[in-house]
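Summary of the model geometry
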Amino acid sequence: QVQLVESGGGLVQAGGSLRLSCAASGRTFSSYAMGWFRQAPGKEREFVAAISWSGGSTYYADSVKGRFTISRDNAKNTVYLQMNSLKPEDTAVYYCAADDSYSGNRNEYDYWGQGTQVTVSS
């Protein structure tokens, strides 16, 4: 098993930046692919970005491509989401997740953090 704790959320103006972190503990971090998802009020949880076990492969939702960057540091058991050019529609609770498979499907992920709130003001 793995435990996940997100941090780095907050309130930012449109056009600003935030970096989210997700610290993992438990089973070997490098054995998991990692994903970031988000959930806005009244909406379903949606895929944001994923990164493979070594960090050599990434992919993104179209809505964040070119603005967000996912990365990981296996030595620090941490995955990051750098968010630039933030928009009000990026406002949501952001969750990191871990799974053996590298996927954008939230139903594939077995382990989830508790989430961190990101609010983008216009």
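Residues numbered from 1 in each chain as written. Predicted model: local features only at pLDDT ≥ 70, side-chain atom pairs only at ≥ 80, totals over all residues. Heavy atoms only, no water.

**Re the overall build of the protein chain**
Assigned secondary structure in the protein chain consists of zero helices and 11 strands. When its helices and strands are written in sequence order, the protein chain yields β-β-β-β-β-β-β-β-β-β-β. The globule rule puts the C-alpha radius of gyration for 122 residues at 14 Å, and the 13 Å found for the protein chain is close to it. Across its three principal axes, the protein chain shows a C-alpha extent of roughly 40 × 25 × 25 Å. Restricting to contacts in the protein chain with at least 6 residues of sequence separation, those with at least 24 account for 59%. Carbon and sulfur atoms make up 44% of the accessible area of the protein chain, which totals about 6,000 Å². Averaging the coordinates of the 11 positive side-chain charges in the protein chain and doing the same for the 11 negative ones gives two points 5 Å apart. (Helix = DSSP H or I, 4+ residues; strand = E, 2+ residues; numbered from the N terminus. Rg over C-alpha atoms; globule rule 2.2 N^0.38 Å. Contact = heavy atoms within 4.5 Å. Areas by Shrake-Rupley, 256 points an atom, 1.4 Å probe, with all protein chains shown as cover. Lys, Arg positive; Asp, Glu negative; His and termini not counted. Charge placed at Lys NZ, Arg CZ, Asp CG, Glu CD.)

**Some words on the state of the cysteines**
Here a disulfide denotes one covalent bond, and it connects the sulfur atoms of two cysteines. Using the criterion set out here, one finds one disulfide in the structure. Disulfide pairing places Cys22 opposite Cys96 at an S-S distance of 1.9 Å. Residues Cys22 and Cys96 are joined through a disulfide that is right-handed, its torsion about the S-S bond being 45 degrees. A residue pair is termed long-range when its members are at least 10 positions apart, and Cys22 in strand 3 (residues 18-26) and Cys96 in strand 9 (residues 92-99) qualify at 74 residues. There is no split in this pair, since Cys22 and Cys96 are both buried. (Disulfide = S-S within 2.5 Å. Buried < 20%, exposed > 50% of the residue type's maximum accessible area, 1.4 Å probe, protein only.)

**Let's talk about the sheet that holds strand 1 (residues 2-7)**
Pairing within the open sheet is antiparallel, and its four strands lie in the order 1-3-8-7. Each edge of the open sheet carries a strand with a single partner, namely strand 1 and strand 7 (68-73). Strand-to-strand, the axes of this sheet are offset by a mean angle of 15 degrees, without reference to chain direction. Here strand 7 runs beside strand 8 (residues 78-83); their pairing, made up of six bridges, is antiparallel. Its bridge partner being in strand 8, Thr69 is matched across the sheet by Gln82. (Pairing = 2+ DSSP bridges. Axes fitted to C-alpha atoms, helices over the stretch in contact; angles between N-to-C directions.)

**Side note on the side chain of Thr116**
With respect to the helices, strands and loops of the structure, Thr116 is situated in strand 11 (residues 116-121). Using a relative accessible area of 11% as the deciding quantity, one classes Thr116 as buried. For Thr116, the side chain forms a polar contact with the main-chain nitrogen of Gly9, separated by 3.2 Å. Every residue in contact with Thr116, bar those within four places of it in the chain, is listed here: Glu6, Ser7, Gly8, Gly9, Leu20, Ala92, Val93 and Tyr94. (Polar contact = N/O pair within 3.5 Å; in protein donor to acceptor, adjacent residues only side chain to side chain.)

Functional significance is not addressed by these values, which are geometric in nature.
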